[in-house]
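Structural overview
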Amino acid sequence: MHIKNRNTGISLVILILSVLLSYYTLMPRSIVPSNAPETAFSAERAARHIKAMSKTIHPSGSPEIKLVKNYVTSQLTALGLEFQIQTDSAKSRYEANKNIELNNIIARIKGTGKGKALLILSHYDSAQYSYGAADDASGVASVLEAIRAHLSTGTKALNDIIILFTDGEEQGLLGAKLFANKHPWAQEVGFAINLEARGTAGPSFTLVETNNGNANMMALYTKAGLKYPLGTSLFYSIYKRMPNDGDSSVFREKLDIDGFLFAFIDEHHNYHRPSDNYEHTSLKSVQHQGFYLLPLIEVCANTDLAQIKTKNDVVFFNIPVIGMLQYSYGLILPALVLSIMFFIGLLFYGFHLNKLSWKAIGIGFLVFLLGLLLSGGIGYLGVKLFPDLNASRFPLYGHLYTLAFVLICMAIYMQLLAFGCRFEAKHTSYHVAPLLFWILLNIPIALYLKGAAYFIIPVFCALISLLLMLKTNKPTLLSTTVLAVPMLVILAPMIKFLPLAIGPRLILSSTLLITLIMGLLTGVLIQYAYKRKMSLSLLVLGLAVLGYIKIISS
């Protein structure tokens, strides 16, 4: 019993550290200071631009936006760049029967070649009631700082670099449409990079803008050797199916121009509000944008952008410390078939060894399905009982709500597992139900949502874990815990970011996901000592977090 208690403690520490690592390594934890080498991107240097541009609310057509325009053009001049203003008028989204003046700011850095140009863009207008510090003065500031660092190298790139600061983005992507429809340079663009924000903090996500395949784009991404790469082909698959509302989508839809969109989305409660100001804008998020932009400028500006288009797609996802991993869509079906064969083989092997039983498998199904049902109910009731979650934007204490409900769902699953273990000695059988569910889940994924096909990797880890449990009579807790680490670092961040990305009303996506993850961890959890005490502790913690939210929000 002493050894089991010790191994349980070690296993818990490993799992907790894995989850913390998966979150901690998503973005920079410090910024590059202003006294860094001139060739480096410094968020501290970019900060002065953000502060200057976000002194006032400055929607398109307002007197205040002219001050921002003058500031941006003065900074281009300071960089030694000539600029032009593309002017037009359009109907205001905010005031009926009123036309507003649009002023796109455009500059160009000539390259040594004659190929397609690289377009870098952000918008400099704010929403109607926002100071626009994060959205999108941070984007403009990041472009200015990245271009300054690029020019300081003293080397000329192969491709021209077009810099576009659009006006009227908040009123219907008007500046991007103006440039795409009426500016002759638009026809010369081969690739676009857009910087955006839907919040004032958090890591910056990579979104791929293409009507074609992503393989060559992701090859560029890998070649750039980016720090803190963050993104998955799951978001890519979903993004391609949704109507999108960003400047880069204009160039994809109208001109079939591929590109990357980088955006940070945390602290969404500040989005398009007066609290989107300099004080709330995270410079660590700005630094993350810079860690994307500057290396990609160097790579894209020296690549034949006419060769970017391809029909080939890759699955991609990021792993802490390791970085972005990717593999061809052509491997999706073989991996799925292999997992099915592996699973069936393990069933025969387990019954042959008399370590699996139909009764225990049935109890495992009951535990897992009841856990899913209850976790979905917790998420649904959470939205009904807490008004903050029944809103269109992610609330101030949204992450705490997510944590509370996840802890409660973990408590429920642990209690169900402890209860099931009282009725059947062949606990290894409890691993079968969640594994079968995950394999079945991967079938529609392989057919219709290929970007999520990396979900098969945690499945393989769980299959190997089951094999170890069947193959040995010795305790396998630590070895199965090690196999659980890849599952957690791949899946755990989604618990936090799914409701943030798709809205707090779908917080049940997090409660369901934690139960699905717990299912994959069944091989670890059934070996723990004191499962019922753990369950009680998790429940108390979850309720304590809800109580804490009540106190600080009252």
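What you are looking at is a predicted structure, and each value in this text was computed from that prediction instead of being measured.

The rules behind these values
Residues numbered from 1 in each chain as written. Predicted model: local features only at pLDDT ≥ 70, side-chain atom pairs only at ≥ 80, totals over all residues. Heavy atoms only, no water. Helix = DSSP H or I, 4+ residues; strand = E, 2+ residues; numbered from the N terminus. Rg over C-alpha atoms; globule rule 2.2 N^0.38 Å. Buried < 20%, exposed > 50% of the residue type's maximum accessible area, 1.4 Å probe, protein only. Contact = heavy atoms within 4.5 Å. Areas by Shrake-Rupley, 256 points an atom, 1.4 Å probe, with all protein chains shown as cover. Lys, Arg positive; Asp, Glu negative; His and termini not counted. Charge placed at Lys NZ, Arg CZ, Asp CG, Glu CD. Polar contact = N/O pair within 3.5 Å; in protein donor to acceptor, adjacent residues only side chain to side chain. Axes fitted to C-alpha atoms, helices over the stretch in contact; angles between N-to-C directions. Parallel < 35°, antiparallel > 145°, perpendicular 65-115°, else oblique. Left-handed = near helix turned anticlockwise from the far one by under 90°. Nonpolar A, V, L, I, M, F, W, Y, C, P; charged D, E, K, R; others polar. Pairing = 2+ DSSP bridges. 1 Å grid on protein atoms, 1.4 Å probe; cavity = no way out; pocket = protein on both sides within 12 Å on 5 of 7 lines; lining within 4 Å. Points joined across faces, edges and corners; volume = space filled by probe spheres on them. Salt bridge = Lys/Arg side-chain N within 4 Å of Asp/Glu carboxyl O.

Some details on the overall build of the protein
- For the protein, the helix and strand inventory stands at 18 helices and nine strands.
- Over its C-alpha atoms the protein spans a radius of gyration of 26 Å, differing by no more than 12% from the 24 Å that the globule rule assigns to 554 residues.
- In terms of principal-axis extent, the alpha carbons of the protein reach across some 75 × 55 × 45 Å.
- Burial status across the protein gives 59% buried among its 554 residues.
- Here the contacts in the protein between residues at least 6 apart in sequence split such that 82% fall between residues at least 24 apart.
- As displayed, the protein has an accessible area near 23000 Å², and 64% of this comes from carbon and sulfur atoms.
- Charge-centre separation for the protein: the mean point of 46 positive side chains lies 14 Å from the mean point of 32 negative side chains.

Considerations on the side chain of His-123
- Secondary-structure assignment places His-123 in strand β3 (residues 117–123).
- Within the structure, His-123 has its side chain in polar contact with the backbone oxygen of Asp-125 (distance 3.0 Å).
- Within the local environment of His-123, its side chain forms a polar contact with the side chain of Glu-169, the two groups lying 3.2 Å apart.
- Apart from the residues within four sequence positions on either side, His-123 is in contact with Asp-135, Asp-136, Val-140, Thr-166, Glu-169, Glu-170, Glu-196 and Asp-247.

A closer look at the packing of helix α6 (residues 215–223) against helix α9 (residues 283–300)
- Where α6 contacts α9, the two axes come as close as 9 Å, and the packing angle between them is 115°. Of the possible angle classes, the one that applies to α6 and α9 is roughly perpendicular. The interaxial crossing formed by α6 with α9 has right-handed handedness. Judged by residue contacts, Leu-220, Tyr-221 and Lys-223 of α6 engage Tyr-292, Leu-296, Val-299 and Cys-300 from α9.
- By residue class, the composition of the contact of α6 with α9 is six nonpolar, no polar and one charged.

Examining the side chain of Asn-159
- Of note, Asn-159 is situated in the loop between α4 (133–152) and β4 (161–166).
- A relative accessible area of 3% places Asn-159 in the buried class.
- A polar side-chain atom of Asn-159 sits 3.0 Å from the main-chain carbonyl oxygen of Cys-300.
- Residues within four places of Asn-159 in sequence aside, it is in contact with Ile-109, Gly-111, Lys-116, Cys-300, Ala-301, Asn-302, Thr-303 and Leu-305.

What to know about the sheet that holds strand β7 (residues 259–266)
- Strands sit in the order β1-β2-β4-β3-β5-β7-β6 across an open sheet of seven strands; the sheet is mixed. Strands with a single pairing partner mark the edges of an open sheet, and in this sheet they are β1 (83–91) and β6 (201–209). Recorded for the sheet is a direction-independent mean angle of 20° between the axes of neighbouring strands.
- Pairing analysis gives five bridges linking β3 to strand β5 (residues 189–197), with the strands arranged parallel. Paired with Leu-118 across the two strands is Phe-191, which belongs to β5.

Brief notes about α6
- The complete set of buried residues in α6 reads Ala-215, Met-217, Met-218, Leu-220 and Tyr-221.
- Buried-residue contacts for α6 involve β5, β6, β7, α9, β8 (314–319) and β9 (323–328).
- One or two positions beyond α6, positive phi appears at Gly-225, with a value near 60°.

Some words on unusual backbone geometry
- Residue Asp-136 is reached from Asp-135 by a cis peptide bond, and omega for that bond is 10°.
- Along the chain, Asp-136 falls in helix α4.
- If you check the backbone angles, Asp-256 has positive phi at about 55° while not being a glycine.
- Here Asp-256 is to be found in the loop between α8 (247–255) and β7.
- Since its relative accessible area comes to 29%, Asp-256 is described here as partly exposed.
- Phi is positive for Val-321, which is not a glycine, with a value near 75°.
- Tracing the chain through its elements places Val-321 in the loop between β8 and β9.

A look at the layout of surface pockets
- Reported here for the second largest pocket is a volume of approximately 930 Å³.
- Among the elements of the structure, α1 (2–24), α12 (398–421), α15 (477–502), α16 (508–520) and α18 (531–553) are those that each provide at least two residues to the lining of the second largest pocket.
- With eight residues, α12 is the single largest residue contributor to the lining of the second largest pocket.
- Each residue belonging to the lining of the second largest pocket can be placed in one class, and the counts come to 24 nonpolar, three polar and two charged.

Some words on the pattern of salt bridges
- Going through the model one piece at a time under the given rule, you end up with 12 salt bridges.
- A salt bridge links Glu-38 to Arg-148; its shortest N-O distance comes to 3.0 Å. In this pair, Glu-38 is assigned in the loop between α1 and α2 (43–53) and Arg-148 in helix α4, connecting sequence segments 110 residues apart.
- Classification of Glu-38 by relative accessible area gives partly exposed; the value is 48%.
- Arg-108 serves as the salt-bridge partner of Asp-160, at 2.9 Å between the closest nitrogen and oxygen. Linking Asp-160 in the loop between α4 and β4 with Arg-108 in strand β2 (residues 99–109), this pair joins segments that are 52 residues apart in sequence.
- Residue Asp-160 is classed as buried on the basis of its relative accessible area, which comes to 6%.
- Judged by its relative accessible area of 18%, Arg-108 is buried.

What about the pairing of β7?
- Within β7, eight of the eight residues are buried, which leaves the element mostly enclosed by the surrounding structure.
- Of the two faces of β7, the one carrying Gly-259, Leu-261, Ala-263 and Ile-265 and the one carrying Phe-260, Phe-262, Phe-264 and Asp-266 are both buried.
- One ladder, built from six bridges, connects β5 with β7; its direction is parallel. By the bridge assignment for β7, Glu-196 is matched with Ala-263.
- Here seven bridges tie β6 to β7, and the two strands are oriented antiparallel to one another. In the strand pairing of β7, Glu-209 is matched with Gly-259.

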